Each structure stands twice: as structure tokens, then as C-alpha cells.
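Single-letter residue listing:
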Amino acid sequence: MSGNQHPSDVSGRLNTGVAHNARVWNYWIGGKDHYEVDQQVGDQVATMFPVIRDVARADREFLGRAVRFLTGECGVRQFLDVGTGLPTLDNTHEIAQRIAPESRIVYVDNDPIVLVHARSLLVGTPQGATDYIDADVHHPGSVIEGASATLDLEQPVAVMMLGILNFILDTGKALDIVRRVMASVPSGSYLAMTHPTTDTDLGGEGNVEAMKFWNENATPPITARSRAEISAFFEGLELLTPGLVSCSQWRAEPDSAVVLPQFGAVAVKP
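What counts, and at which threshold
Residues numbered from 1 in each chain as written. Predicted model: local features only at pLDDT ≥ 70, side-chain atom pairs only at ≥ 80, totals over all residues. Heavy atoms only, no water. Salt bridge = Lys/Arg side-chain N within 4 Å of Asp/Glu carboxyl O. Helix = DSSP H or I, 4+ residues; strand = E, 2+ residues; numbered from the N terminus. Buried < 20%, exposed > 50% of the residue type's maximum accessible area, 1.4 Å probe, protein only. Pairing = 2+ DSSP bridges. Right-handed = clockwise from strand over helix to strand, strands pointing away. pLDDT = per-residue confidence, 0-100. Contact = heavy atoms within 4.5 Å. Phe/Tyr/Trp six-rings, centres within 6.5 Å; stacked < 30°, edge-to-face > 60°. Lys NZ or Arg CZ within 6 Å of the ring centre and 35° of its normal. 1 Å grid on protein atoms, 1.4 Å probe; cavity = no way out; pocket = protein on both sides within 12 Å on 5 of 7 lines; lining within 4 Å. Points joined across faces, edges and corners; volume = space filled by probe spheres on them. Nonpolar A, V, L, I, M, F, W, Y, C, P; charged D, E, K, R; others polar. Core = buried A, V, L, I, M, F, W, Y, C linked by side-chain atoms within 4.5 Å.

Time to look at the pattern of salt bridges. Going through the model one piece at a time under the given rule, you end up with nine salt bridges. For Lys212, the salt bridge goes to Glu216, with nearest N and O atoms at 2.9 Å. Of the two residues, Lys212 and Glu216 both sit in helix 10 (residues 207-217), four residues apart, roughly one turn of that helix. Among the residues examined, Glu216 registers a relative accessible area of 53% and is labelled exposed.

Written out as C-alpha cells, the structure is:
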């Protein structure tokens, strides 16, 4: 188990004077890895868009349900978690290896604050493998090359892209990234994704002003997309039941599935 990280590089890239998504998200879900500026911006966004904390928690709960489903019901033993963010309780490798200790997981991020905490991600079972690579999703070739050191790309891989494509403002570029990554994994692989929306049937209209404030006061810039735009990421794949829905509703208990403006879905590569 190893992580490609260099402490001197991290300290040079870490900016604690501007709110950053990984740290604000951590604040919203009740973590402790954030600074005062992250709390201030997070509180203001939550004032403008009160459901954002629920969205953050629902996204994390989606991760748990998706990994349990993919490991337990689909037999997946390899995960490529792109844009993993800060470690919290029940990270991808912990959930997967609890069910199948031989599971192999590669985390991908290029956020310096995540690099600082990478060691806590790299504690997995001796039967499996857990690795972390410092790579940028804008360069999918580097992501795949780095992942191939730990994952067997001749065997199915579950690609996890939770709340990451919304930081790629150019939709065409985001589509190309997904297509290139999925082209690098074999038939029987999966794509799990969450993405914020402005669609009014999910209550997403509040994202507009909140994201405008975010883009003026925090980093990296973010965008939301419509159902049709998000559906396009799954072209060539087969969406699994229940399809593209609010992430809080995806395979959740019916009485606990509140509709939130964050889409979630899992699809398989035929």
C-alpha cells in the first residue's frame, strides 16, 4: 500500500486563506478537517440554500449504498474512486473490504488537503489493496495509468465519480473525461455518479444563487446541470434500477427518501 505524495509539494499548494470544497464539504457532514474560512463560507451557503447539509450527507450515504450494492450484489472487487475528498467514516475501501477483504481500491485526488490526510485512507486489509494517487481528473490518461499499478484493468472496475464532474465547468470536457475513463475499463465495469442539479422538480433552483456566491468566494468553481445533461454521462452504459434519481432516493428505504437536488445513479458497461 502506498500513496504518491510529497509533503513539501503539499505545503506549497495548500491555501488556507480561501474556502475550499473538500474542507467545506467536510464541515457540512460534521467533520473536523476545515478552517474558519471554510466554516464561514459553508454557513453562508447553508443560509442561502438550507438543504445543502442534507445534500452533503445524502451524497455520503449514497456512496455507502452504492459500494455495498456493487460489492455484495454485483461481485465487484475493484474500485477507482475519483475525487475522493477528505476521509471520513466508512470510506470506499472500508465498506468494500468489510464485505470482500480481497477488494482493491484506488483513490484519486489532487487536492493538497486530501494529500495531507492520505495516510488515513491507506489502511486496508492485508488480503486486498488500498492506494492513493495524486492525479487530476482533467487528465484521465494519468488517472488510468496511475490506477493500473494497483488495479487489473482487464477485470471489471467500479468507477466512482461522486460530486466531481460538477467542478468541470465545460460539459463537453466532462463528457470526454467520463468516456475516456470508461473506455479504459472492460465490459462488466460500472460507473457510479452523483451531480448537483438546478432542476426544479428536485428543488434545485436554489443552487443558482448559492453557486454564484460560492464561485465568488471559494474554490474550485462549481456548476450544476440538468437531468438531460447528467443523463448524457451515461450514454453507452446501462442504467441500473432505479435509474437517474435524487441520490437520497437511490436504493434507499422508501420512508427515508427525501428528494434532494443531487442526482445519483449507477450504470454498467455492456
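Here we take up the pairing of strand 10 (residues 262-268). A large share of strand 10 lies buried, amounting to seven of its seven residues. Alternating residues of strand 10 divide into Gln262, Gly264, Val266 and Val268 and Phe263, Ala265 and Ala267, and every residue in both groups is buried. Across seven bridges, strand 6 (residues 190-196) lies against strand 10 in antiparallel orientation. Opposite Tyr190, over in strand 10, you have Val268 as the bridge partner. Here strand 8 (residues 238-239) runs beside strand 10; their pairing, made up of two bridges, is antiparallel. Directly across from Glu238, in strand 10, lies its bridge partner Val268. Note: strand 9 (residues 245-246) against strand 10, two bridges, orientation antiparallel. Across the sheet, the residue bridging to Val245 is Gly264, located in strand 10.

With that settled, consider the pairing of strand 3 (residues 104-109). Of all six residues in strand 3, five are buried, a share of seventy percent or more. Across five bridges, the pairing between strand 2 (residues 78-82) and strand 3 is parallel. Following the sheet pairing, Phe79 is matched in strand 3 by Ile105. Of the crossover connections in this fold, the one passing from strand 2 over helix 5 (residues 92-99) to the parallel strand 3 is right-handed. As defined by bridge partners, strand 3 adjoins strand 4 (residues 129-134) across six bridges and the pair is classed as parallel. Bridging from a neighbouring strand, Tyr107 pairs with Tyr132 of strand 4.

Summary statistics for the protein give a mean pLDDT of 90 and a share of 92% for residues scoring 70 or more. Confidence drops under a pLDDT of 50 for residues 1-12, and excluding neighbours within four residues, the segment shows 21 contacts in the predicted structure.

Cis geometry is adopted by the peptide bond preceding Pro220, which originates at Thr219 and carries an omega value of -10°. Structurally, the position occupied by Pro220 is in the loop between strand 7 (218-219) and helix 11 (227-231). With omega at 10°, the peptide bond leading from Thr241 into Pro242 counts as cis. Unusually for a residue other than glycine, Arg251 sits at a positive phi of about 50°.

The subject of this paragraph is the environment of Leu86. Mapped onto the elements, Leu86 comes out in the loop between strand 2 and helix 5. The spatial distance from the C-alpha of Leu86 to the C-alpha of Gly31 is 9.2 Å, given a sequence separation of 55 residues.

Moving on to the packing of aromatic side chains. Tallied over the full model, the rule gives three aromatic pairs. Where Phe69 meets Trp250, the ring centres are 5.7 Å apart and the plane angle is 80°; that geometry is what we call edge-to-face. With a gap of 181 residues between them, Phe69 in helix 4 (residues 52-72) and Trp250 in the loop between strand 9 and strand 10 connect regions that are remote in the sequence. Judged on exposure class, the residue Phe69 and its partner Trp250 are both buried. The structure contains a cluster of three or more aromatic residues connected by ring pairs, namely Phe62, Phe69 and Trp250. Seen from the ring of Phe69, Arg251 lies directly overhead, with NZ or CZ sitting 3.9 Å from the centre. In this structure, Arg251 is placed above the aromatic ring of Trp250, and the distance from its NZ or CZ to the ring centre is 5.4 Å.

It is worth spelling out the layout of surface pockets at this point. Over the atoms, a rolling probe the size of a water molecule traces out where space has been left empty. Considered as a void within the structure, the largest pocket measures approximately 970 Å³ in volume. Along the wall of the largest pocket there are 50 residues; nearest its centre are Asn21, Gly83, Gly163, Ile164 and Phe167. Of all the secondary-structure elements, those providing two or more residues to the lining of the largest pocket are helix 2 (21-28), helix 4, strand 2, strand 3, strand 5 (158-162) and helix 10. For the lining of the largest pocket, the per-class residue count stands at 28 nonpolar, 16 polar and six charged.

Nonpolar side chains in soluble globular proteins generally cluster together in the buried interior. With 51 residues, the main nonpolar core has Trp28, Val45, Leu70, Phe79, Met160, Tyr190 and Val266 as its most contacted residues. Residue contacts for Phe79: discarding those within four places in its chain leaves Val67, Leu70, Thr71, Thr92, Ala96, Arg104, Ile105, Val106, Leu151, Val157, Ala158 and Met160.

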